[in-house]
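Take a look at the letters that make up each chain.
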Amino acid sequence: MDKNNDDKFIKQYRVSSKKKIHLKDTPTAEKPPFRRTDGDIYLSEIHEDLKLLQNRLYAESKKSILVVIQAMDTGGKDGTIRKVFGPLNPQGVRVHSFKQPNPKENAHDFLWRIHSCTPKHGMITIFNRSHYEDVLIQRIHKLAPESVIERRYDHINNFEYLLRDSNTHVIKLFLHISKDEQKKRIQDRLDKSDKNWKFTSSDIAERKFWDQYMKTYEIAINKCSTEHAPWYVIPADKKWWRNIIIARIIRAHLNNLHCEFPAAEPNLDKIIIPE
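Residues numbered from 1 in each chain as written. Predicted model: local features only at pLDDT ≥ 70, side-chain atom pairs only at ≥ 80, totals over all residues. Heavy atoms only, no water.

Asks: Give me the side chain of Glu-218: which residues, what numbers.
Replies: Within the fold, Glu-218 resides in helix 10 (residues 210–224). Polar contacts involving the side chain of Glu-218 include one to the main-chain amide nitrogen of Leu-23, which spans 2.9 Å. What Glu-218 contacts, discounting residues up to four positions off in sequence, is Ile-21, His-22, Leu-23 and Lys-24. (Helix = DSSP H or I, 4+ residues; strand = E, 2+ residues; numbered from the N terminus. Polar contact = N/O pair within 3.5 Å; in protein donor to acceptor, adjacent residues only side chain to side chain. Contact = heavy atoms within 4.5 Å.)

Set out below in structure tokens:
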């Protein structure tokens, strides 16, 4: 799969701003075009491209990338960050995880704690959960009035437009897993001692709201997938294939930024380093 075809390849996962998506009709798994062993080799090749593109982004320092990752519990957010972004230069990558707001954060508007974590020029920032929690968790558990939540979709779109207008390119990824796959992953956390620490009782509690989550994610994705900040729905049951899809999405967006290394000082060829 040629990197020149990335734009065409990723289009199938991008949610159009003109057509609504239905998550129940959107696959959580698909058959990859090659075996996993070949996929591992291919991913390493993509990483070589990403390293060069990241280097140009960092050196030029005029644009930035914000990657928003949302998923159900066990959906693969941590694994995606580790496998897709782990090989990049850590100097140019930041990860922010958003938990339940603390009292200070709750005393401000819901985007207050988000804005200060967005990337400066030259950087890639990854949000492990994000401002979308404020139209997901709060809607499902009725932590805010419906009228307030409805207005937040517009606030989010305006906020993301502001970022784009400031040369921060927003890429939003929903890691779409099946309910059966989630059950397997929770069981895996219970069965393997080195994964016990990952299990929390909230995994079971929130699973009871599966249908409500799917509907709420669907609403948020449809309302907030825009030309300036698109959502991608990633079939995430197969972890290794998920990583390849996401790596190609990031590569396509970085390629389309057309970053260049800054011009060198003139007459470098005439410089003689003294003994």
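Asks: Break down a nonpolar patch on the surface for me, citing the residues and quoting the values.
Replies: A cluster of nonpolar side chains, Leu-268, Ile-271 and Ile-273, forms an exposed patch at the surface whose accessible area comes to about 340 Å². Within the secondary structure, Ile-273 is located in the segment after helix 11 (239–257). (Patch = residues over 30% accessible without salt bridge, like charges linked within 9 Å, V, L, I, M, F, W, Y side chains within 5 Å. Areas by Shrake-Rupley, 256 points an atom, 1.4 Å probe, with all protein chains shown as cover. Salt bridge = Lys/Arg side-chain N within 4 Å of Asp/Glu carboxyl O.)

Asks: Can you tell me about the sheet that holds strand 4 (residues 168–176), naming the residues and giving the values?
Replies: One open sheet accounts for 5 strands, arranged 2-3-1-4-5; its pairing is parallel. Since the sheet does not close on itself, it has two edges, and those belong to strand 2 (93–97) and strand 5 (231–235), each with one partner. The mean inter-strand angle of the sheet, taken between neighbouring strand axes irrespective of direction, is 20°. Both strand 4 and strand 5 contribute to a ladder of 5 bridges, which runs parallel. Bridge assignment links Leu-175 to a residue of strand 5, and that residue is Ile-234. Contacts from helix 7 (residues 146–165) reach strand 1 (64–71) and strand 4, with the element oriented near 130° to strand 4. (Pairing = 2+ DSSP bridges. Axes fitted to C-alpha atoms, helices over the stretch in contact; angles between N-to-C directions.)

Asks: So what's going on with a positive patch on the surface? Residues and values would help.
Replies: A cluster of like positive charges, contributed by Arg-36, Arg-82, Lys-83, Lys-198 and Lys-239, occupies part of the molecular surface. Tracing the chain through its elements places Arg-82 in helix 3 (residues 77–85). Residue Arg-82 is classed as exposed on the basis of its relative accessible area of 52%. (Lys, Arg positive; Asp, Glu negative; His and termini not counted. Charge placed at Lys NZ, Arg CZ, Asp CG, Glu CD. Buried < 20%, exposed > 50% of the residue type's maximum accessible area, 1.4 Å probe, protein only.)

Asks: Help me get a handle on the packing of aromatic side chains, residues and values and all.
Replies: In this description, a pair of aromatic rings is defined by centroid distance and the angle of the planes. The full count for this structure, using the stated rule, is 9 aromatic pairs. Ring geometry for Phe-34 versus Tyr-42: centroids 5.8 Å apart, planes at 65°, classification edge-to-face. Accessibility expressed as a relative area gives 23% for Phe-34, which makes it partly exposed. Classification of Tyr-42 by relative accessible area gives buried; the value is 8%. Taking 6.1 Å as the distance between ring centres and 65° as the angle between the ring planes, the aromatic pair formed by Trp-240 and Trp-241 counts as edge-to-face. (Phe/Tyr/Trp six-rings, centres within 6.5 Å; stacked < 30°, edge-to-face > 60°.)

Asks: Report on the environment of Asn-5, specifying residues and quantitative values.
Replies: Position of Asn-5 among the secondary structure elements: in the segment before helix 1 (6–10). For the pair Asn-5 and Phe-209, spaced 204 residues apart in the sequence, the C-alpha separation amounts to 38 Å.

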